[in-house]
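# Remarks on the overall topology
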Amino acid sequence: MIRQIVSQKNGLIGLFLGLLVLVSAVFAPLVSPYDPYKINMAESLSPPSLSHPLGTDVFGRDVLSRMVYGARISMEVSVLSRLLSLLVGTLLGLIAGYFGGRLDNLVMRCADVTLAYPGLLLLIAVMAAVGPSLTSLIVALGVVGWAGVARIVRAQVLSIKEREFVLAVRSLGGQSGRILFRHLLPNCVSQLIVIFSMGLGMGVMAESSMSFLGLGAQPPLPSWGSMISAGLDYLRVAPWLSLAPGIGITLAVLGFNLLGDAFRDALDPKLKHLGRRE
Amino acid sequence: MFAYTVKRLLLFIPLLFGVATVTFFLVYVLPGDPVLSMVGERYDEETIDQLRREMHLDQPVYVQYGYFIAGLVRLDFGTSYVTGETVSESVLKRFPYTFRLALFAMLISVVIGVSVGVLAAWKWRTPFDYVTMGTTIVGISMPVFWLGVLLIYVFAMKLRVLPASGYGGGDLRHMILPAVTLAQASTAYVARITRSSMMDVIREHYIQTARAKGVSEHRMLFAHALRNALLPVITVVGADFGSYLSGAVLTESIFAWPGLGRFTLDAILKRDIPTIQGAVFFMALVFMAINLVVDLMYAWIDPRIKLVGRK
């Protein structure tokens, strides 16, 4: 599978960009040239130079270092929220698909309601309700994202639950729990990998959007979105403040999109129209 | 078709009810006392008690919920705590601005997206195809709000050819930057869908038949292939139009566009509960209605859909 991903040019670019973001996130203290929180008023708003490749912000903090730490926040929010969506969505999708009937109806109507809200609206409303912080953003994003996962898992379960191997387990007296987690779940793994990798880009985008609106990471945390909005006041004199973090977001999202496409083509081409919305 | 329409319409009602319920409880758990934020510093106990009674805030939650649903049925979302205007009035006042912007953005995305997609499919595996498809995937990955900032920087601050923000009393020039920003992701996506759909259609037998008959390449592309390739494009365009109409929160905030999206964000930041409830519900309603229309249109254009039924 890895060979299949690397053999495509797009997959390779995606892998490279994705790893770049991941490495910056994980090794932020080692990679970043300066302390992202260190205030140095003497160097306030200095333009990009050799010592500060992306310049400094109004407090003299190094923009490149803040971007490296921003990758950490983005990845944290994106990975954790996607895992939460996967957990909730998979569980409910398995249950809905396997048991069918009223339970299925209830779960899927809840999914319909979740998906009936346009784009970021539900997320904005949830964030306003629970108050802006990174933890609540992770939970909110995770909860809002369950419906799409549940739909796909349910569809997969419906397509395999009448297959011989499942019927065989059942006729041998296999318990529902055993069928669900030992037999149906493993058959959803390739879908789950695709959903997860495609969702990472959406997660990064959602985190930066919410932080841009002031509903995500709070200062002085260096989130890409909040860096862009903080730079708006100095757009005329110090455009790098807002422009640099945007390039970071674009590359990260691009990387995960390409990677997600490559995973999808390798694992499950049927999921072609996934990855829209937001 | 009639049975299908009725079925879809009937399914719409419980969905609407669900959305209303979720919206109510989301806003209900908002922190802070709405009455205190309304009266501000100068208040006396009597005024507060009276306001609480007027807004039914002294009642248990299920009674408040009942009032909310009863209000919805009459299209009455209550009165804003901040401006004192009725919510439905202010929502309807903002909607035309959002509508104009969404329409303009959709126009851009359909015209540019479809033409680029058709050309890319036709010039398959040429530099044009590679460059446009590369551009579109970057376009999809670019955050809307950052593109907006970039456009403001280049066109309003450096080149000084377009205004940076505001409605400008309906001046078209004020609409260009926000509309381009809003249209960006959709244009890129429409171009990609059009291309892949065209490529599928071009392989079909009836296209080969047309070619064998000696139909010109141009006519083959536009008269034979495009018509059939547009089906999946309609879904994308419809869904995007629905979400633009329901208020482009990010774009409207950056460009200080007086539409629904910015209005709702303001209400959320001010904890103006009736306005949040009304606006969020209205936006979800518009979004759902457009999606319903798109589904019905799709079934009407492609009769196979009805037979498959619900997935």
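Residues numbered from 1 in each chain as written. Chains lettered and ligands numbered in written order. Predicted model: local features only at pLDDT ≥ 70, side-chain atom pairs only at ≥ 80, totals over all residues. Heavy atoms only, no water.

### Some details on the overall build of chain B
Along the backbone of chain B there are 14 helices and zero strands. Helices (α) and strands (β) of chain B occur, in sequence order from the N terminus, as α-α-α-α-α-α-α-α-α-α-α-α-α-α. Here the C-alpha coordinates of chain B stretch approximately 85 × 55 × 30 Å along the principal axes. Here chain B, with 311 residues, has 48% of them falling under the buried criterion. For chain B, the share of sequence-separated contacts (at least 6 apart) that also reach a separation of at least 24 residues comes to 74%. Looking at chain B as shown, the accessible area adds up to about 15400 Å², and 65% of this sits on carbon and sulfur atoms. (Helix = DSSP H or I, 4+ residues; strand = E, 2+ residues; numbered from the N terminus. Buried < 20%, exposed > 50% of the residue type's maximum accessible area, 1.4 Å probe, protein only. Contact = heavy atoms within 4.5 Å. Areas by Shrake-Rupley, 256 points an atom, 1.4 Å probe, with all protein chains shown as cover.)

### Regarding the interface of chain A and chain B
In this complex, chain A contributes 42 residues to the contact, which on the side of chain B involves 46 residues. When chain A packs against chain B, close to 3700 Å² is buried across both sides, 76% of that on carbon and sulfur atoms. Inspection of the region where chain A meets chain B yields zero salt bridges. Seen at the junction of chain A and chain B, the total is five residue pairs in polar contact (both at pLDDT 80 or more). Mapped by element, the contributors of at least two residues to the side of chain A that touches chain B are helix 5 (101-116), helix 6 (121-130), helix 11 (189-212), helix 12 (224-231) and helix 13 (240-267) of chain A. A total of eleven residues in the side of chain A that touches chain B trace back to one element, the largest contributor, which is helix 13 of chain A. (Buried area = accessible area lost by both parts, 1.4 Å probe. Salt bridge = Lys/Arg side-chain N within 4 Å of Asp/Glu carboxyl O. Polar contact = N/O pair within 3.5 Å; in protein donor to acceptor, adjacent residues only side chain to side chain.)

### Describing a nonpolar patch on the surface
All names here are of chain A. On the surface, Leu19, Leu22, Val23, Val26, Phe27, Leu30 and Val31 cluster together into a nonpolar patch covering about 640 Å² of accessible area. Counting only elements with at least two residues in the nonpolar patch, the list comes to helix 2 (9-26) and helix 3 (28-31). By the element assignment, Val23 lies in helix 2. A relative accessible area of 40% places Val23 in the partly exposed class. (Patch = residues over 30% accessible without salt bridge, like charges linked within 9 Å, V, L, I, M, F, W, Y side chains within 5 Å.)

### Digging into the environment of A:Met198
Tracing the backbone shows A:Met198 in helix 11. Considering only alpha carbons, one finds A:Met198 and A:Tyr34, 164 residues apart in sequence, at a separation of 32 Å.

### Structural notes on the packing of helix 12 of chain A against helix 13 of chain A
Residues and elements named next belong to chain A. Axis separation between helix 12 and helix 13 bottoms out at 7 Å; the angle between their running directions is 155°. Comparing the axis directions of helix 12 and helix 13 gives the class roughly antiparallel. Here helix 12 and helix 13 pass one another in a crossing that is left-handed. Between helix 12, through Trp224, Met227, Ile228 and Gly231, and helix 13, the contact on the second element is made entirely by Leu241, Ser242, Pro245, Gly246, Gly248, Ile249 and Ala252. (Axes fitted to C-alpha atoms, helices over the stretch in contact; angles between N-to-C directions. Parallel < 35°, antiparallel > 145°, perpendicular 65-115°, else oblique. Left-handed = near helix turned anticlockwise from the far one by under 90°.)

### Brief notes about a negative patch on the surface
All names here are of chain B. Together, Asp44, Glu45, Glu46, Asp49 and Asp58 give the surface a local cluster of negative charge. Secondary-structure assignment places Asp58 in the loop between helix 3 (45-54) and helix 4 (61-73). Under the relative-accessibility criterion, Asp58 is labelled partly exposed at 41%. (Lys, Arg positive; Asp, Glu negative; His and termini not counted. Charge placed at Lys NZ, Arg CZ, Asp CG, Glu CD.)

### Comments concerning helix 7 (residues 144-158) of chain B
For helix 7 of chain B, built from 15 residues, the straight-helix expectation of 21 Å at 1.5 Å per residue is met to within 8% by its first-to-last C-alpha distance of 20 Å. When helix 7 of chain B is considered as a whole, its buried residues turn out to be B:Phe145, B:Trp146, B:Leu147, B:Gly148, B:Val149, B:Leu151, B:Ile152, B:Tyr153, B:Ala156 and B:Met157. Where helix 7 of chain B is buried, its residues meet helix 11, helix 12 and helix 13 of chain A together with helix 8 (173-202) and helix 11 (249-254) of chain B. Once helix 7 of chain B ends, the next one or two residues include B:Arg160, with phi positive near 55°. (Expected span 1.5 Å × (residues − 1).)

### Here's the deal with the nonpolar core
Ranked by size, the top nonpolar core spans 140 residues in total, and within it A:Ile124 and A:Trp224 carry the most contacts. Residue contributions to this core peak at 15 residues, all from helix 13 (residues 273-301) of chain B. Two domains each provide a minimum of three residues to this core, namely domain 1 (2-73) and domain 2 (88-310) of chain B. Other than its neighbours up to four places away in sequence, A:Trp224 contacts A:Val21, A:Met67, A:Gly70, A:Ala71, A:Ser74, A:Val204, A:Pro245, A:Gly248, A:Ile249 and A:Ala252. Counting residues in hydrophobic clusters, the runner-up holds 16 residues, among them A:Val149, A:Val153, A:Val157 and A:Val166. (Core = buried A, V, L, I, M, F, W, Y, C linked by side-chain atoms within 4.5 Å. Domains from an automatic or database assignment.)

### Some words on the packing of aromatic side chains
All names here are of chain B. Under the definition given, this model contains twelve aromatic pairs over all chains. Through a chain of ring-to-ring contacts, the aromatic side chains of Phe24, Phe25, Tyr65 and Phe68 assemble into a single cluster. The ring centre of Trp122 lies 4.5 Å from the NZ or CZ of Lys123, which sits over that ring. (Phe/Tyr/Trp six-rings, centres within 6.5 Å; stacked < 30°, edge-to-face > 60°. Lys NZ or Arg CZ within 6 Å of the ring centre and 35° of its normal.)

### Regarding the environment of A:Asp233
All names here are of chain A. Locating Asp233 in the fold gives a position in the loop between helix 12 and helix 13. Residue class for Asp233 comes out exposed when judged on its relative accessible area of 68%. For the pair formed by Asp233 and Ser176, sequence separation is 57 residues and the distance between their alpha carbons is 59 Å.

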